[in-house]
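Commentary on secondary and tertiary structure
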Amino acid sequence: MTNLLEIRDLRVHFGLVRAVDGVSFALPYGPYGVGLVGESGSGKTTVGRAIVRLGPAVGGEVLFEGKDVLRLRGRALKEYRRHVQIVFQDPDNSLDPRMKIGDTMAEVLTTHRIVSRRQAAARVRDLLEEVALDPAFASRFPHQLSGGQRQRVAIARALAVGPEALVLDEPTSALDVTAQARILALIKRLREERKLAYLLITHNLAVVSELCEMTVVLYLGKVAELGATGELLFHPAHPYTAALRSAVPEVDRAARLARIALAGEPPSAVSPPSGCVFHPRCPLCIDRCRVEVPVLREVAAGRMAACHRAEEVLAGADLSLVRDVMPDGAAAG
Amino acid sequence: MSLLEICGLRIAFGERLVVDMDRLEVDRAQIVGLAGESGSGKSMTTMAVLGLADTMGARVEGSIRLDGQELIGLPQHALREIRGRRVAMIFQSPGLAFNPVFRVGKIFLQALELHGAGSRSEAEERAAAALRSVYLSPELLNRYPWQLSGGQLQRISIAIALALRCDLLIADEPTSALDVTVQGDVLELLRGLREEREIGILFISHDLAVVAELCDQVAIMRSGRVVEFGPTDQVIADPQDAYTRELLAAVPKIVYRGVSR
């Protein structure tokens, strides 16, 4: 078996909202990083939560070493959580403000019977050292730590059960840029030391390019494109990936790309557009895109894209779009 | 004479000095970035320019001139004339900047009426024109804020500033809460304001990449002080201060090779 986790045709619906609508990809054994990128409402966090069973799935499978975890209950589910853990965006909300750091972490260790209550304190100190924190922090409260330090605690707590995989949900988005750089360096070190596999959920393509071998681009609950990160970012096969990439601000003037403006606003998942969900905003939209849903297909070696015109995009088709005078009126009306 | 001239600005809460800024200028038709991390004093500086720092319990000393007029020490009623009308501000979370129980149009017209737009029909015309200039349909005036996306609301914030014909726009992390494709739209709009309306913009951000793309000049702030100030290209290409270099190195960049081992 080559993959630690396999997500097959995952569907998560909230009433009429199809937050995740048939998403498939795999997370290989570590050390390995898969990036899950997309904008607000694309369903990336919902996918992450479904994988660790914090959110409901209405269909599909999440296979961990071949077993479907969506059906697990009770003790088996608890056992699964020793293997796959999650780190959230905002450590302020994921750490109990009334518990000392040491107690927060010891709780995980004793709940999962990793060590006895007596040995917990020593293990907590080791874990804090592993994420480059002073072991004395065990006796502090979360509010006495900086945002970056709190996120290190959250990572250490996730590592406490010795997981093979982590779901990292925007782990640096709430942090200052220098704190972010230090957390990214920490993730790089841990992946090698612990042979970790991780699913990194982020809107930041630069973070993905530094930490992930593979990238999955989501748009309105569906996979737009997936493939090897470098190839995908530098030679996108889906117009949405190209637009996303071109919108990333760059410090270095030479690295800046001509921006591909998208028409209108992101559509609603309650009433998704017909055909290709991206068609109302796509600079390459043709009649076929309005009626026929593009299937995710292999468009180059190791690259999948859901676009009728992926070959043209790969070949470098012109994606510059003449802006409508009032795109929003039309899209929102 | 610059549009905004800050000179020897010191802001303190009790004994604690949070801003100690020698000099910062914003010209007409110029975008000046104020970059730094949380707690560096960026937002307090903007509060002082708006004449709001002392209402937060801070002691403010020094000089802040708008078009030559000293703002520090002006009574609140005089500041109210300047705030909103001549100096407009847009915030990080447009969702929080709009009262959710009123339609956007009502909020918009209220701002115009408060700052002397003349008749109601003139105000409505100005509102519609301002919305068109930020690529939005005047139809949106009939919506409630929660019916609009973050990007649409941020563009409406900018439209209000436009309709008030402000001279100086303070933008405090205006794109940090927006998606990257929407951020691009807002940045483009701000560039348009600089070119077409000659508005001076003080752009607060922790994101050096955004600052690099947008701003003519940049001031790097740390612990209340400006550690480096100059033309953006020069500061980026040849940073003089160690902290500026550290900040620049920390910005994640899109690299081809991916994970380095």
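Keep in mind the model is a prediction, meaning the values are calculated, not measured. (Residues numbered from 1 in each chain as written. Chains lettered and ligands numbered in written order. Predicted model: local features only at pLDDT ≥ 70, side-chain atom pairs only at ≥ 80, totals over all residues. Heavy atoms only, no water.)

Quick look at the overall build of chain A
Helix and strand content of chain A: 13 helices and 12 strands. Taking 20 Å as the expected radius of gyration for a compact globule of 333 residues, we find that chain A reaches 21 Å, a close match to that expectation. Overall, chain A is about 70 × 45 × 40 Å in size when its C-alpha atoms are taken along their principal axes. Across the 333 residues that make up chain A, the buried fraction comes to 56%. By sequence separation, contacts in chain A at least 24 residues apart represent 63% of the contacts at least 6 residues apart. For chain A, the accessible surface area stands at approximately 14,200 Å², while carbon and sulfur atoms represent 51% of it. Within chain A, one finds 42 positive and 38 negative side-chain charges whose respective centroids are separated by 6 Å. (Helix = DSSP H or I, 4+ residues; strand = E, 2+ residues; numbered from the N terminus. Rg over C-alpha atoms; globule rule 2.2 N^0.38 Å. Buried < 20%, exposed > 50% of the residue type's maximum accessible area, 1.4 Å probe, protein only. Contact = heavy atoms within 4.5 Å. Areas by Shrake-Rupley, 256 points an atom, 1.4 Å probe, with all protein chains shown as cover. Lys, Arg positive; Asp, Glu negative; His and termini not counted. Charge placed at Lys NZ, Arg CZ, Asp CG, Glu CD.)

Brief notes about the sheet that holds strand β7 (residues 168–172) of chain B
All names here are of chain B. Taken in spatial order, the six strands line up as β6-β7-β8-β3-β9-β10 in an open sheet, and their pairing is mixed. Looking at strand neighbours, the two that pair on one side only are β6 (87–90) and β10 (225–231), the edges of this open sheet. Looking at each pair of strands side by side, their axes are set apart by 15° on average, direction ignored. Relative to β7, β6 runs parallel, the two being bridged by four bridges. (Pairing = 2+ DSSP bridges. Axes fitted to C-alpha atoms, helices over the stretch in contact; angles between N-to-C directions.)

Observations concerning the nonpolar core
Formed by 68 residues in total, the largest nonpolar core has its most connected members in M105(A), L128(A), V153(A), I155(A), L159(A), Y198(A) and L211(A). A domain-level breakdown of this core finds at least three residues from each of domain 1 (3–98 + 163–215) and domain 2 (240–321) of chain A. Apart from residues lying up to four places away in sequence, L128(A) is in contact with I101(A), M105(A), L133(A), D134(A), P135(A), F137(A), A138(A) and V153(A). Residues A159(B), L162(B), A171(B) and I201(B) belong to the second largest nonpolar core, which totals 61 residues. (Core = buried A, V, L, I, M, F, W, Y, C linked by side-chain atoms within 4.5 Å. Domains from an automatic or database assignment.)

Here's the deal with helix α10 (residues 239–247) of chain A
Here α10(A) lies mainly inside the structure; nine of its nine residues are buried. Of the positions making up α10(A), those classed as buried are P239(A), Y240(A), T241(A), A242(A), A243(A), L244(A), R245(A), S246(A) and A247(A).

A closer look at the domain arrangement of chain B
All names here are of chain B. Each assigned domain of chain B is listed with its residue range as follows: domain 1 (4–86 + 168–260) and domain 2 (99–165). One C-alpha centre belongs to domain 1, the other to domain 2, and the line joining them spans 25 Å. On the side of domain 2, 13 residues touch domain 1, which itself brings 14 residues to the contact. For the pair domain 1 and domain 2, the summed buried area comes to about 1,100 Å², and 72% of that belongs to carbon and sulfur atoms. At the junction of domain 1 with domain 2, the criterion picks out zero salt bridges. Viewed at the interface, domain 2 and domain 1 are joined by two residue pairs in polar contact (both at pLDDT 80 or more). Take the side of domain 1 that touches domain 2: its biggest share by element is six residues, from helix α7 (residues 180–197). When grouped by side-chain class, the residues that make up the side of domain 1 that touches domain 2 number nine nonpolar, one polar and four charged. (Buried area = accessible area lost by both parts, 1.4 Å probe. Salt bridge = Lys/Arg side-chain N within 4 Å of Asp/Glu carboxyl O. Polar contact = N/O pair within 3.5 Å; in protein donor to acceptor, adjacent residues only side chain to side chain. Nonpolar A, V, L, I, M, F, W, Y, C, P; charged D, E, K, R; others polar.)

Quick notes on unusual backbone geometry
Residue and element names in this part refer to chain A. For the peptide bond that leads from G30 to P31, omega is -5°, which places it in the cis range. Here P31 shows up in the loop between β2 (17–28) and β3 (32–37). Its identity is not glycine, yet K195 carries a phi of approximately 55°, on the positive side. A positive phi angle, near 50°, is found at L220, a position not held by glycine. In this structure, L220 sits in the loop between β9 (214–219) and β10 (222–228). The class of L220 is buried, set by a relative accessible area of 11%.

A short note on the packing of helix α4 (residues 104–114) of chain B against helix α5 (residues 120–133) of chain B
Residues and elements named next belong to chain B. Closest axis-to-axis distance for the α4/α5 pair is 10 Å, and the angle between their directions is 120°. Judged on the interaxial angle alone, α5 and α4 are oblique. Note on packing geometry: the crossing formed by α4 with α5 is right-handed. Listed contacts from α5 to F108, L109, L112 and E113 of α4 are R120, A123, E124, R126, A127, A130 and L131. (Parallel < 35°, antiparallel > 145°, perpendicular 65-115°, else oblique. Left-handed = near helix turned anticlockwise from the far one by under 90°.)

Points about the sheet that holds strand β5 (residues 69–70) of chain B
Residue and element names in this part refer to chain B. The four strands lie next to each other as β2-β1-β4-β5, forming an open sheet whose pairing is antiparallel. A single partner strand is all that each edge strand has here, and the edge strands are β2 (16–26) and β5. Relative to strand β4 (residues 59–66), strand β1 (residues 4–13) runs antiparallel, the two sharing seven bridges. Counterpart to L4 in the pairing with β4 is L66. Against the sheet, helix α1 (residues 42–49) touches β1, β2 and β4, its axis set at about 115° to β1.

Quick notes on the interface of chain A and chain B
Contacts between chain A and chain B engage 47 residues on the former and 42 residues on the latter. Both sides together, the interface formed by chain A and chain B hides about 3,900 Å², and carbon and sulfur atoms give 55% of it. For the pair chain A and chain B, the interface holds four salt bridges. Note that R253(A) and D233(B) form a salt bridge whose closest N and O atoms lie 2.8 Å from each other. Our count for the contact surface shared by chain A and chain B stands at 15 residue pairs in polar contact (both at pLDDT 80 or more).

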